[in-house]
Amino acid sequence: MRLLNVFKIATKAIVLNKTRTLLTMLGIIIGVASVIAMLAIGEGSKESIRTTISAMGSNMITVKAGSDTRGGVRQEASVMESLTLSDFQAIKKQSTLLSYSTPVVEGKGQVINGSNNWPSSIYGVNPEYLSIKVVDLQSGSMFTDAEVQTASKVALIGQTVVDNVFPDGQEPVGQMIRFNNIPFKVIGVLEEKGENTFGQDQDDVVIAPYTTVQKRILAIDHLNQIIASAVSEEEAPNVVIEVSNILREQHKLADSEEDDFHVRSMEELISTFSSTSEMLTILLVAVASISLLIGGIGIMNIMYVSVKERTKEIGLRMAVGAKGADILMQFLIEAILISITGGVLGVLLGLGATVFIEKFLNWPTSVAMYSIVISFAVCAVTGIFFGWYPARKASALDPITALRYE
Amino acid sequence: MTKEIIKIEDLKREFTMGTETVHALRGISFTIKEGEFVTIMGSSGSGKSTMLNILGCLDQPTSGIYEIDGVSVKDLNRNELATIRNEKIGFIFQSYNLLARTSAIENVELPLLYNSKVNSEARRERAIKALEMVGLGDRLHHTPSQLSGGQQQRVAIARSLVNNPVMILADEATGNLDTRTSYEIMSLFQELNKQGITITFVTHEPDIATFSSRTIVLKDGDIMQDYKNDNVQSAAEELAKLPKQDD
C-alpha cells in the first residue's frame, strides 16, 4: 500500500521531467541496443560457420595416418601406409558409436570423355560414403557392396566434372568415361554442393568403389583415410577416444608410444572457427558494455542533480511524515524505472538494428534470447547500483536543513 | 478539564559549535490545552525557530520533557518522529512549500500518502473535504502556479488539516502575504480554531498576536511573557475595516 504510493510518486516525478528522463535514458538505450545488436552479429556469424561445416557432415570423424620417423627421417603423413583395410574392419566391428564408416583412397588424374578432358580427383569409398558426407544423388544410383567386392569399374561424378566432360548437355548416366585411361561406367551424378567454407569445389569429384581405385588406379593396398559418422554430434568426442583406442590396439602401440594416426572430429573444426568469431563478439560486447556503464553513470549524475534540486521537497515530505525509507524508495524506484524503461527501449532499438543489419547489410544475425535477458538484468542492476547512493543521500537529509534549503 | 495537547517541562536545547556551546532554549516550561490559539513570538535569536523545530518533532530537546498528545517525544528515533509528524501535527510554512506542477488536491493528499491506514478513496475524499473547508472546493485541480499567494497558503492549510492533527503548527504563515490576504488567512485560522482545532502560530509580527487567545514571548531562550489575550480581535472585522481595493 505504502510502497504503491511511493511508486506513484516516483512515476509522477518521471512524467513531470519527460525530456530530462529521456535524455538520461539515452545512455542506457544505446548501451542495451548495441549489446543486443553486437551479440546478434556474433551469434549470426557463429551460426553461419556451423551451418557450412554441418553441411559437410557435422558428426563426421576422420582418421588419417600420422607422421612417423623412418631411419631418422621424419616422413610426411600422406606417404605413410600405416592405415589398412584391417584397421577399417576393426573399427567397423568394435565401435559402438558409429552409424556409418568407409575407407577412403584418393588420387588425382584426368577424366576423359571423347575429346573432352578435365583434371579431377577420384575418391575410392564404399556405399556408406554418401550418408557420411550428406550427399544426395541428382540422377542414377550409388554402387552396391557387391560392386565393391568385385572392384567394378563404375563411378559417380560431381556437377563440375559433368559440366566439363559432357559439355553438350548429354545425360552422363550410362556413359563411359576414362580416368587415367581406365574406363569407368557412370552410374550416377552427385547433387550440386558448391564451394565449401575453404573455397574448395565440392562438385569436382569422381567417386568409385575403393577396391577399384586401390587396384586399378593407385595400385596400393593401404588406405589414405577412414571416415565415419558418429551416431550424434554430442557423441563425436567419445567416438574420437573410442576409435583411437581401437587403432592403438590394432597397431600394437605400447603405452609409451605416440599415436601413429590422427583422429579428428568436425566438432574440433567448428570450435576452431567459432573461437575466432567468439573473440570478436567478446570485444564488441566489451565496447557495448562500456556504453552501458556510461549510461549508468548518467543516471547517477541526474539522480544527484534531482536530489539536490528537490532538497526542499524532500524536507517537506519528511515534515509531513515521510520516513527515510520512503524517500530512499522514491528515488531508488525512480532510478530503476528510468533504467528499466531505457532497457525496454534499448531492446526494441537493438532488435530493430538487427533487422536492419540483416536486411540491408546482408550480414547473418541471430538474436540470442540470453542477450535480451542479460542486458535487461544489467539494466535493473545498473538502476539499483547507480540509484542507491543518491537515494541514500536524499533519505539521510536532515528535515530542518532540507526545509530551509534554497 | 480540557486535554493537554502539549506539555513542556524544563526543556533545554543546546548546540555545540566547535568548542562553544550555544544555549538556544534554557529550561522552558508551558502547556497548551486543546482548543487554544497560541502565538509564539520573539525576535530573531530568541530561540523561536528552535522551539518550532522541537514542537514540530523535527528536532529533539537536549534535556527536559516534551509530550505531544500524551506521547513523550524523547528517545523516539527518526522513523517514530516521522510517524508523530504524520499523525499528530499539521505544518504550515511561510513559503507554502507546495509541490510544483502538482494539483491542489494532490498536494493536500501528500501527508496521507505516508499513512498506510488511509486507502486511496478515503484519501481523495478527505482531501476534497479539507479543500472545501479552506474555501477552495472549486480549485481542486489547479496547480500552484495557477493560484494566488493567499490561495496557495489555503492549499497548505488544507494539507495541514487533512490528517486530522491534534495541533496545527504555523511558521510565519502570513509572512509572504500582503495585509489584506494575511487578514483573510488569519480569519480562516480563527474559524478553524472556533471549530476546536488547536493552533500554534510562530511569528515575529505583534499584530498577528492580537488575533490569538494566548501569547508566549521568547527572549534569549527563555520565556519573557506568557499571557492570555482577553481581547481577541476578529480578523474578519479587521478585514472589513481595510480600505476597499480598487478593482
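Treat the numbers as computed from the prediction; the structure is a model and nothing was measured.

A. Up close: the overall build of chain A. Counting its secondary structure elements, chain A contains 13 helices and twelve strands. Since a compact globule built from 406 residues should have a radius of gyration of about 22 Å, the 34 Å found for chain A marks it as more spread out than a globular shape. When the backbone C-alpha atoms are referred to their principal axes, chain A occupies close to 105 × 60 × 40 Å. Considering only intrachain contacts with a sequence separation of at least 6, the fraction spanning at least 24 residues in chain A is 77%. Split by element, the accessible area of chain A, about 19,400 Å² in all, is 60% carbon and sulfur. One finds the centroid of the 32 positive side-chain charges in chain A at a distance of 15 Å from the centroid of its 41 negative side-chain charges.

B. The arrangement of the pairing of strand β5 (residues 116-125) of chain A in detail. Residue and element names in this part refer to chain A. Where strand β4 (residues 98-113) meets β5, nine bridges bridge the pair, whose relative direction is antiparallel. Of the residues in β5, the one forming a bridge with E106 is Y123. Where β4 hands over to β5, the hairpin turn is made up of two residues, of which G114 adopts a positive phi near 60°. Where β5 meets strand β10 (residues 205-209), five bridges bridge the pair, whose relative direction is parallel. By the bridge assignment for β10, S121 is matched with V205.

C. Spotlight on helix α3 (residues 104-113) of chain B. Counting buried residues along α3 of chain B, nine of its ten residues qualify, which places the element largely inside the surrounding structure. On its buried face, α3 of chain B is in contact with α1 (2-16) and α10 (311-319) of chain A together with α2 (78-88), α4 (120-133) and α5 (149-161) of chain B.

D. How the structure looks around the sheet that holds strand β10 (residues 222-228) of chain B. Residues and elements named next belong to chain B. If you walk across this open sheet you meet the six strands as β6-β7-β8-β3-β9-β10, and the pairing is mixed. The two strands at the open ends of the sheet, each matched to only one other strand, are β6 (89-92) and β10. Strand after strand, the sheet turns through a mean of 15° between neighbouring axes, direction not considered. Of the strand pairs in this sheet, β6 and strand β7 (residues 167-171) are connected by four bridges, and their pairing is parallel. Note on β7: the bridge partner recorded for G90 is I168. Running at roughly 150° to β7, helix α1 (residues 48-55) makes contact with β3 (37-41), β6, β7, β8 (199-203) and β9 (214-219) of the sheet.

E. Main features of the domain arrangement of chain A. Its domain assignment divides chain A into domain 1 (2-52 + 272-404) and domain 2 (83-259). Computed from C-alpha coordinates alone, the two centres of domain 1 of chain A and domain 2 of chain A are separated by 57 Å.

F. Fine view of the pattern of salt bridges. Counted by the stated rule, this structure contains 20 salt bridges over all chains. When the shortest N-O distance is used, the salt bridge between D259 of chain A and R248 of chain A registers 2.4 Å. You can see D259 of chain A sitting in the loop between α8 (236-250) and β12 (261-265) and its partner R248 of chain A sitting in helix α8, a full eleven residues away along the chain. Across the pair D59 of chain B and R13 of chain B runs a salt bridge, and its minimum N-O distance is 3.0 Å. Placement of the pair is D59 of chain B in the loop between α1 and β4 (63-68) and R13 of chain B in strand β1 (residues 4-17), with a sequence separation of 46 residues. A single burial state applies to D59 of chain B and to R13 of chain B, both of which are buried. Taken together, the shared-partner salt bridges in this structure form one network comprising R310, E313, R317 and E334 of chain A.

G. Spatial organisation of the sheet that holds β1 of chain B. Residues and elements named next belong to chain B. Strands sit in the order β2-β1-β4-β5 across an open sheet of four strands; the sheet is antiparallel. Both outer strands of the open sheet, β2 (20-33) and β5 (71-72), are each paired with one neighbouring strand and no more. Where β1 and β4 come together, five bridges link them in antiparallel fashion. Bridging across to β4, I6 finds its partner in I68. Against the sheet, α1 engages β1, β2 and β4, with an angle of about 125° to β1.

H. Molecular detail of the packing of α3 of chain B against α5 of chain B. Residue and element names in this part refer to chain B. Running from N to C, α3 and α5 cross one another at 35°; their axes reach a closest spacing of 7 Å. Crossing handedness for the pair α3 and α5: right-handed. For the pair formed by α3 and α5, the contact residues are A104, N107, V108 and P111 on the first element and V155, A158 and R159 on the second. In terms of residue class, the contact of α3 with α5 is built from five nonpolar, one polar and one charged.

I. Region of interest: unusual backbone geometry. Residues and elements named next belong to chain B. Here the phi dihedral of C57 falls at roughly 60°; this positive angle occurs in a residue that is not glycine. Relative to the helices and strands, C57 is located in the loop between α1 and β4. Phi at E172 is positive, roughly 50°, even though this residue is not glycine. Topologically, E172 is positioned in the loop between β7 and α6 (179-194).

Analysis parameters
Residues numbered from 1 in each chain as written. Chains lettered and ligands numbered in written order. Predicted model: local features only at pLDDT ≥ 70, side-chain atom pairs only at ≥ 80, totals over all residues. Heavy atoms only, no water. Helix = DSSP H or I, 4+ residues; strand = E, 2+ residues; numbered from the N terminus. Rg over C-alpha atoms; globule rule 2.2 N^0.38 Å. Contact = heavy atoms within 4.5 Å. Areas by Shrake-Rupley, 256 points an atom, 1.4 Å probe, with all protein chains shown as cover. Lys, Arg positive; Asp, Glu negative; His and termini not counted. Charge placed at Lys NZ, Arg CZ, Asp CG, Glu CD. Pairing = 2+ DSSP bridges. Buried < 20%, exposed > 50% of the residue type's maximum accessible area, 1.4 Å probe, protein only. Axes fitted to C-alpha atoms, helices over the stretch in contact; angles between N-to-C directions. Domains from an automatic or database assignment. Salt bridge = Lys/Arg side-chain N within 4 Å of Asp/Glu carboxyl O. Left-handed = near helix turned anticlockwise from the far one by under 90°. Nonpolar A, V, L, I, M, F, W, Y, C, P; charged D, E, K, R; others polar.

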